[in-house]
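Residues per chain, in single letters:
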Amino acid sequence: CVLSGGCVQNKSQDSLKTLKTEIRHIIKDKKATIGVALILDGEDTLAINNAEKYPMMSVYKFHQALAVCDYLQKRHIPLSTSLYLDKKYFKPDTYSPLRDKYPQGNLELPISELLVYTMQSSDNVACDILFDYIGGVNVVDEYIHSLGINDVSITATEDEMHQGMDDCYKNWTTPIEAANLLELFMTQDFMRNEYTDFLKHIMIECGTGKDRLPAPLPESEVKIGHKTGTSDKNDRGEYIGINDIGFVILPDGSRYVVAVFVKDSKENMETNAKIISDISAAVYRYAGNR
């Protein structure tokens, strides 16, 4: 039995069931709908509460960044290419470190810097500029679907979500499809080029959301690249979506991708973040033991 592949597989499945039980214990009695997905080395797969549609919030900026990379690659446009940022994009009532730094607008910045703003700072102004540059939200939606990622919808810009909170629910995914997209990003040859390499780098260098997926991970031992999403409260006093998705590379070279979505949460922000970090800790222990 020690030499049997079937025996090893059964042990792996038992461990996965134990992990699922642990995650269900973490989310038990929380006043939120919580979805989780994990893919470890392309083999072990776990999904919890996957039937729900989860509002992505700024997580969809990862989807957008992939579409931007594809757009640039197909047209041989360098990341260093500068775009003119018309002041009309610099809306006053939205989250934008870019606007705060350049309140007058009407300047040029390279596409690479706009991607840094969207991926590392969740900048809403930079995001909508990039949507316009590549042709709109439908271009991103169609590109993601072309990859075989079907249970996802991207139909609203940041400005539209800001104008009507119900529009936040128009940009949704299932947890497993978010994990599947990350898995493609990490494994497929067509995702290995100077554009996606840059995207991986800025995800690893991301300093936001330290209290979510990265919180329990030892920085000296692992690499994590991730993208958070954070909402305001809806009319019911619930956080629409507090999310984090990412890839983790372990010291031995093994890796996993994980997605955690916390929807319609009546918990406070600290509790929402702790739900994600506790799940991250459980997944990390599982990956290490495996």
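Residues numbered from 1 in each chain as written. Predicted model: local features only at pLDDT ≥ 70, side-chain atom pairs only at ≥ 80, totals over all residues. Heavy atoms only, no water.

**Let's talk about the layout of surface pockets**
Reported here for the largest pocket is a volume of approximately 470 Å³. Along its surface, the largest pocket is lined by 20 residues, and Tyr95, Asn124, Glu158, Thr230 and Ser231 are the ones closest to its centre. Every element with two or more residues in the lining of the largest pocket is listed here: α7 (158-163) and β8 (223-230). Per-element tally for the lining of the largest pocket: the top contributor is α7, with 3 residues. When grouped by side-chain class, the residues that make up the lining of the largest pocket number 5 nonpolar, 11 polar and 4 charged. (1 Å grid on protein atoms, 1.4 Å probe; cavity = no way out; pocket = protein on both sides within 12 Å on 5 of 7 lines; lining within 4 Å. Points joined across faces, edges and corners; volume = space filled by probe spheres on them. Helix = DSSP H or I, 4+ residues; strand = E, 2+ residues; numbered from the N terminus. Nonpolar A, V, L, I, M, F, W, Y, C, P; charged D, E, K, R; others polar.)

**Points about the sheet that holds strand β7 (residues 172-173)**
Pairing within the open sheet is antiparallel, and its 3 strands lie in the order β3-β7-β6. The outermost strands of the open sheet, each flanked by one partner alone, are β3 (54-55) and β6 (152-153). (Pairing = 2+ DSSP bridges.)

**Examining the sheet that holds strand β9 (residues 239-249)**
With antiparallel pairing, the 5 strands of this open sheet are ordered in space as β2-β1-β10-β9-β8. What marks the edges here is a single partner per strand, and that holds for β2 (44-48) and β8. Direction aside, neighbouring strands of the sheet carry axes that sit 5° apart on average. As defined by bridge partners, strand β1 (residues 33-40) adjoins β2 across 5 bridges and the pair is classed as antiparallel. Looking at the pairing, Ala37 lines up with Ala47 of β2. (Axes fitted to C-alpha atoms, helices over the stretch in contact; angles between N-to-C directions.)

**Observations regarding the pattern of salt bridges**
Inspection of the entire model under this criterion finds 13 salt bridges. For Arg285, the salt bridge is made with Glu22, and the minimal N-O distance between the two is 2.3 Å. Residue Arg285 is found in helix α10 (residues 269-289), and its partner Glu22 is found in helix α1 (residues 5-27); the two are separated by 263 residues along the sequence. Using a relative accessible area of 42% as the deciding quantity, one classes Arg285 as partly exposed. The exposure class assigned to Glu22 is partly exposed, which follows from its relative accessible area of 29%. A network of salt bridges, in which partner residues are shared, links Arg236, Glu238 and Lys266. (Salt bridge = Lys/Arg side-chain N within 4 Å of Asp/Glu carboxyl O. Buried < 20%, exposed > 50% of the residue type's maximum accessible area, 1.4 Å probe, protein only.)

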